[in-house]
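Read off the chains here:
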Amino acid sequence: MKMRTLTALRAVQCRTFATSSRTSTQHLMSTADLSVPQMQQLLTSAADYKSARAKAARSVGPQSQELSLANKTIAMLFSKRSTRTRVASESSIASLGGHPMFLGSSDIQLGVNESLLDSAKVISSMTDGIIARVNDHSEVETLAKYSSVPVINALSHLYHPTQILAHLLALLETYSPKDTSLSKLKGLKVAWVGDSNNILNDMIVSFQRIGIDLNIATPEGYPLDQFVLDTATEGLRKESGDGKLLHTHSPEEAVKDADVLVTDTWISMGQEAEKAKRLKDFAGFQITMDLAKRGGAKPDWTFTHCLPRKQEEVDDEVFYSDRSLVFLEAENRRHTITAVCDQYFAKGGF
């Protein structure tokens with residue numbers, strides 16, 4: 001999941017792709033593509049799907065749900081292995097009456113045997129939507145540029161929008177269980193302690209517009225991506241928000257007065273050779289009860305992690321405690337992806 005710093009050329013390229021791809025077909029590349037009302041619409045829909053599924057599980061007899069993807073085929077192009085995203089995507093598409101067509105790295109190699117341009121044109125001509133889990137973000141942007149059907153970014157090195165929607169739903173269920181309005185999260189303080197990566201990037205481009213304060217602690221030598229910061233600034237110009245952003249190299253400073261503590265993997269796929277160096281660099285960044293106490297997190301602080309988790313990132317005492325929202329967020333992957341699939345593949349976007 002690690003974010004690589006983009007060159008100026010890459011930044012220009014991404015901006016160009018994002019602009020041109022939205023002239024006729026709507027795609028979801030990051031939460032920067034969503035206004036706060038649009039995020040709200042997706043989260044309200046996700047909460048409704050979750051409630052309906054829970055009600056159906058308690059009932060006897062046949063249950064009805066609108067099959068908005070009936071007779072539609074959704075291509076799932078996964079260049080990287082996946083557990084939660086694959087299960088959530090396939091079950092979401094099936095629940096809406098659609099057919100999920102999984103194409104893994106052994107089935108199709110994007111940009112290897114065939115150009116991304118050609119793959120996008122061919123696959124989109126035979127399907128009704130594309131969910132893509134790729135390596136470099138330029139890959140999913142290229143797919144979106146040349147696809148005739150909506151493309152959803154299910155993870156790139158730069159962004160992971162569907163994960164953040166699941167995270168936001170978990171926060172609403174925890175801090176405002178009777179009202180799923182995003183306005184209820186205004187003033188909430190989230191502390192990120194860990195690597196500068198795609199999960200954090202999607203928080204940066206969305207949280208301030210919602211009104212969530214985001215404190216970030218990364219080790220020295222692990223800077224925030226300037227392209228992402230510029231995108232967040234551009235979003236705030238278009239849509240006002242009063243959330244604050246703090247970047248520090250001190251985990252204790254980040255968790256001061258925090259409501260929610262968050263971390264993610266320190267060693268992403270493809271970075272295994274850097275393991276020894278990274279473990280050394282991230283010493284002192286493990287989330288523990290002691291860190292929360294030393295830093296002065298709020299007494300009722302909660303914790304979450306997008307998974308998969310390693311013990312050096314957060315210890316068992318926190319991970320399996322009553323403070324943990326980890327498995328709530330993981331379950332929400334299905335419901336938020338269901339909402340996204342319905343909105344983009346059935347309704348054609350916003």
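For the structure itself, consult the block above.
Being a predicted model, the structure only gives us computed values, none of them experimental.

About the criteria used
Residues numbered from 1 in each chain as written. Predicted model: local features only at pLDDT ≥ 70, side-chain atom pairs only at ≥ 80, totals over all residues. Heavy atoms only, no water. Salt bridge = Lys/Arg side-chain N within 4 Å of Asp/Glu carboxyl O. Helix = DSSP H or I, 4+ residues; strand = E, 2+ residues; numbered from the N terminus. Buried < 20%, exposed > 50% of the residue type's maximum accessible area, 1.4 Å probe, protein only. Polar contact = N/O pair within 3.5 Å; in protein donor to acceptor, adjacent residues only side chain to side chain. Phe/Tyr/Trp six-rings, centres within 6.5 Å; stacked < 30°, edge-to-face > 60°. Lys NZ or Arg CZ within 6 Å of the ring centre and 35° of its normal. 1 Å grid on protein atoms, 1.4 Å probe; cavity = no way out; pocket = protein on both sides within 12 Å on 5 of 7 lines; lining within 4 Å. Points joined across faces, edges and corners; volume = space filled by probe spheres on them. Nonpolar A, V, L, I, M, F, W, Y, C, P; charged D, E, K, R; others polar. Pairing = 2+ DSSP bridges. Axes fitted to C-alpha atoms, helices over the stretch in contact; angles between N-to-C directions. Parallel < 35°, antiparallel > 145°, perpendicular 65-115°, else oblique. Left-handed = near helix turned anticlockwise from the far one by under 90°. Contact = heavy atoms within 4.5 Å. Core = buried A, V, L, I, M, F, W, Y, C linked by side-chain atoms within 4.5 Å. Domains from an automatic or database assignment.

A. Molecular detail of the pattern of salt bridges. One pass over the structure, following the stated rule, counts 13 salt bridges. Two residues, Lys238 and Glu234, come together in a salt bridge whose shortest N-O distance is 3.4 Å. Remark: Glu234 and Lys238 occur in helix 9 (residues 226-238); sequence separation between them is four residues, near one turn of the helix. Its relative accessible area of 68% is what places Lys238 among the exposed residues. The class of Glu234 is partly exposed, set by a relative accessible area of 31%. Residue Lys347 is joined to Asp342 by a salt bridge in which the shortest nitrogen-to-oxygen separation is 2.2 Å.

B. Representation of the environment of Asp315 in the model. By the secondary structure assignment, Asp315 is in the loop between strand 9 (302-305) and helix 13 (316-319). In this structure Asp315 comes out as buried when scored by relative accessible area, which is 16%. It is 18 Å that separates the C-alpha atoms of Asp315 and Ala330, two residues lying 15 residues apart in sequence. Of note is the side chain of Asp315, whose polar atom sits 3.1 Å from the backbone nitrogen of Val318.

C. Looking closely at the packing of aromatic side chains. Going through the model one piece at a time under the given rule, you end up with seven aromatic pairs. Here the aromatic cluster, defined as three or more aromatic residues joined through ring pairs, consists of Tyr222, Trp266, Phe282 and Phe285. Note that Arg86 overlies the ring of Phe102, its terminal NZ or CZ placed 3.6 Å from the centroid. One cation-aromatic arrangement involves Arg309 over Phe319; the distance from NZ or CZ to the ring centre is 4.3 Å.

D. Representation of helix 5 (residues 137-146) in the model. Counting buried positions over the 10 residues of helix 5 gives eight, a clear majority of the element. For helix 5, the set of buried residues is His137, Ser138, Glu139, Val140, Glu141, Thr142, Leu143 and Ala144.

E. Looking closely at empty space enclosed by the protein. For the coordinates displayed, the defined rule picks out two cavities of 30 Å³ or more. Quantified by volume, the largest cavity comes out at close to 40 Å³. Forming the boundary of the largest cavity are Ile164, His167, Trp192, Ile199, Met203, Val262, Thr263, Thr304, His305, Cys306 and Glu329. Among the secondary structure elements, those contributing two or more residues to the lining of the largest cavity are helix 6 (161-175), helix 7 (198-204), strand 8 (260-263) and strand 9. Of the residues contributing to the lining of the largest cavity, the split by class is six nonpolar, four polar and one charged. Each pocket or cavity is described by its volume, and for the second largest cavity that value is around 40 Å³. Lining the second largest cavity, in full, are Ser89, Ile131, Ile152, Ala154, Thr162, Ile337, Val340 and Cys341. Of the residues contributing to the lining of the second largest cavity, the split by class is six nonpolar, two polar and no charged.

F. Highlighting the pairing of strand 6 (residues 213-217). Burial of strand 6 is extensive: five of the five residues sit out of reach of the surface. Side chains Asp213, Asn215 and Ala217 project from strand 6 onto one buried face, and the interleaved Leu214 and Ile216 project onto a second face that is buried too. Direction of pairing for strand 5 (residues 189-193) relative to strand 6: parallel, over a ladder of five bridges. Pairing of Val193 across the sheet is with Ala217, part of strand 6. Here four bridges tie strand 6 to strand 7 (residues 245-248), and the two strands are oriented parallel to one another. Bridge pairing in strand 7 links Asn215 to Leu246.

G. Structural detail: the packing of helix 2 (residues 36-58) against helix 14 (residues 326-346). Helix 14 packs onto helix 2 with a crossing angle of 115 degrees between their chain directions and a minimal axis gap of 8 Å. When the axes of helix 2 and helix 14 are compared, the pair comes out roughly perpendicular. Considering only the axes of helix 2 and helix 14, their crossing is right-handed. The segment helix 2 lies against helix 14, with Gln41, Leu42, Leu43, Ser45, Ala46, Tyr49, Lys50 and Arg53 engaging Leu328, Glu331, Asn332, Arg334, His335, Thr336, Thr338, Ala339, Val340, Asp342 and Gln343. Along the lines of polarity and charge, the residues of the contact of helix 2 with helix 14 split into seven nonpolar, seven polar and five charged.

H. Spatial organisation of the side chain of Thr25. Along the chain, Thr25 turns up in the loop between helix 1 (8-21) and helix 2. When near neighbours in sequence (up to four residues on either side) are disregarded, Thr25 contacts Ser147, Ser148, Val149 and Pro150.

I. Region of the structure containing the packing of helix 3 (residues 84-95) against helix 14. Between helix 3 and helix 14, the least distance of the axes is 8 Å, while the angle of their chain directions is 45 degrees. Overall, the two elements helix 3 and helix 14 adopt an arrangement that is oblique. Viewed along their axes, helix 3 and helix 14 form a crossing whose handedness is right-handed. From helix 3, Arg84, Thr85, Ala88, Ser89, Ser91, Ser92, Ile93 and Ser95 reach across to helix 14, where they touch Ala330, Arg333, Arg334, Ile337, Thr338 and Cys341.

J. Highlighting the nonpolar core. Counting residues in hydrophobic clusters, the biggest one holds 56 residues, and the most contacted among them are Ile131, Leu168 and Ile204. Counting only domains with at least three residues in this core, you end up with domain 1 (27-42 + 68-160 + 333-347) and domain 2 (163-330). In this structure Leu168 touches Met39, Leu43, Leu185, Phe207, Ile210 and Ile212, once residues within four positions along its chain are discounted. Counting 24 residues, the second-largest nonpolar core is a separate cluster that includes Ile267, Ala292, Phe303 and Val326.

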